[in-house]
Structures are given as C-alpha cells and as structure tokens.
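Summary of structural features
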Amino acid sequence: MTHAILDLVQQVMSSPWLYLALFALALLDGFFPIVPAETSVITAGVFAASGQTNLALVMLVAALGAFAGDHISYTIGYKSAGRLRDRKAFVWARDALAERGGLVLIVARYIPGGRTATTLTMGAVRHPLRSFTFFDAIATSSWAVYSGLIGYFGGMAFENDPIKGLLLGLGIALSITAVVEIVRWVRKRRATQASPERLPADTSV
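Since the structure is predicted, the reported quantities are computational estimates derived from the model, not experimental observations. (Residues numbered from 1 in each chain as written. Predicted model: local features only at pLDDT ≥ 70, side-chain atom pairs only at ≥ 80, totals over all residues. Heavy atoms only, no water.)

Further remarks concern the side chain of Thr-116. Tracing the chain through its elements places Thr-116 in helix α8 (residues 114-124). Residues contacting Thr-116, with those up to four places away along its chain left out, are Asp-29, Gly-30, Phe-31, Pro-33 and Ser-73. (Helix = DSSP H or I, 4+ residues; strand = E, 2+ residues; numbered from the N terminus. Contact = heavy atoms within 4.5 Å.)

What follows is the structure in structure tokens.
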C-alpha cells in the first residue's frame, strides 16, 4: 500500500504538469482556503531533495499563484463589502488591519483561514491596492520559500524514504501553525485581562 502511494506521488512529481498544478492550487487557495496548496508545495519540496523537482521553480510558481489568488480575493472583497461586514472573520481582520496596517497580511498568511479573511477585508475596506500588492508580494514569497524549504529539509533528512520526509515536513508546518495560534491566544487573553473594567454607572442623586 505504501509503495503504491509512493509510486503515485512520484509519478505526479515527475509530471511536466506539476508546476502548472502548483500554480493553480496556490491561486485557488487565495479565495478557496480548503485547497491543499501548502501541502502540495511541501510535498514538491520533499522530492526536490532527491532531484525529482526543481526547488526554485516550485517556490516561484507557488508564490506567483498565491499572489494572483490573493488579488482575486481582494477583488471579491472589494465588490462584496456589504455582505462581509457582519462576519466574525471580517471583524477580526478589520481590527487587525486597523492596528497593524499592511503587515497583518504577512502574519495572516501563516494563520489558518486568516489569509482569506484578511485579503477579503482589505478589498472590502478599500485598502490602497498599491500597498496591498507590496505587502502581498512579501507575504506570498515568504510563504512559498517557507513551505518549499520545510519540505526540502524533510526530504534531506529522509532521502531514502520520501513518505517519512513528507510527514516530517507536514509535522513541522503544523507545529509552527500551532505555536502561532497559541501565541495569538495568549496575547489576546493578556490584552483582555489588562484592559480596564468598566466602572458601574453612578446612580446617586
């Protein structure tokens, strides 16, 4: 069973259509976040360690696809502002955007569901397109390099067993995501506890 799965993955990785598929998955992930774009880039990075894929090309097409997908998401948000304003994710992204500006786009790319909420919100609040493009170029490039290198080093660690390399790469990615989420939760909790409690209204006459 394992050999059959490995043979199938190797066939996909050696396909000339691989890079187009990575671009398409990264693009779709920009506004349809259940698409496994990050897993696909990590997998391609694992096989780059054995020379079956080109790591630089993997990261380039992933970054370009994510960049294009984020701009599609921005456009959707721009045209759908009225229907997004009451959604919880929209409120979170709007508040984060007001606090950190375009930098939130870079941080949100590593938060599950955060990237789509942020790109939609930036379109909905009419954030300047030039600023969005600048920060999104940094966000998508760093994400592609991060995902590709995690896979590559996983593949280097288990050069003769790509499946273990893939599991290691995915484990590292999930661990980093978990750490980011825990830090966000702790910071939010501390901020809530530090905020002054509202004093009761003075009812004396």
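With that out of the way, let us pick up the pattern of salt bridges. Counted by the stated rule, this structure contains 3 salt bridges. With a closest N to O distance of 2.5 Å, Arg-115 and Asp-29 form a salt bridge. With Arg-115 in helix α8 and Asp-29 in helix α2 (residues 18-29), this residue pair connects regions lying 86 residues apart in the sequence. For Asp-29, a relative accessible area of 5% gives the class buried. Within this structure, Asp-29, Glu-38 and Arg-115 form a network of salt bridges that share partners. (Salt bridge = Lys/Arg side-chain N within 4 Å of Asp/Glu carboxyl O. Buried < 20%, exposed > 50% of the residue type's maximum accessible area, 1.4 Å probe, protein only.)

Before going further, it helps to spend a moment on the environment of Val-58. Examined against the element boundaries, Val-58 turns out to sit in helix α4 (residues 55-79). When its relative accessible area of 0% is taken as the criterion, Val-58 is described as buried. Along the primary structure Val-58 and Ser-40 are separated by 18 residues, whereas in three dimensions their C-alpha atoms are 9.8 Å apart. Each residue touching Val-58, except ones within four places of it in the same chain, is listed here: Tyr-19, Leu-22, Val-41, Ala-44 and Thr-53.

What follows covers a nonpolar patch on the surface. On the surface, Val-145, Leu-149, Phe-153 and Met-156 cluster together to form a nonpolar patch covering roughly 350 Å² of accessible area. Tracing the sequence through the fold places Met-156 in helix α9 (residues 129-157). (Patch = residues over 30% accessible without salt bridge, like charges linked within 9 Å, V, L, I, M, F, W, Y side chains within 5 Å. Areas by Shrake-Rupley, 256 points an atom, 1.4 Å probe, with all protein chains shown as cover.)

Per the stated rule, a full pass over the model turns up 5 aromatic pairs. A centroid spacing of 5.2 Å and a plane angle of 80° characterise the contact between Tyr-110 and Tyr-146, whose relative ring orientation is edge-to-face. Of this pair, Tyr-110 sits in the loop between α7 (103-108) and α8 while Tyr-146 is found in helix α9, placing the two residues 36 residues apart along the sequence. Residue class for Tyr-110 comes out partly exposed when judged on its relative accessible area of 22%. What links up through ring pairs into an aromatic cluster is the set Tyr-74, Tyr-78 and Phe-132. Positioned above the aromatic ring of Trp-143, the side-chain terminus of Arg-109 is 5.1 Å from the ring centre. Geometry around Tyr-78 places Arg-126 over its ring, the cationic atom sitting 3.9 Å from the centre. (Phe/Tyr/Trp six-rings, centres within 6.5 Å; stacked < 30°, edge-to-face > 60°. Lys NZ or Arg CZ within 6 Å of the ring centre and 35° of its normal.)

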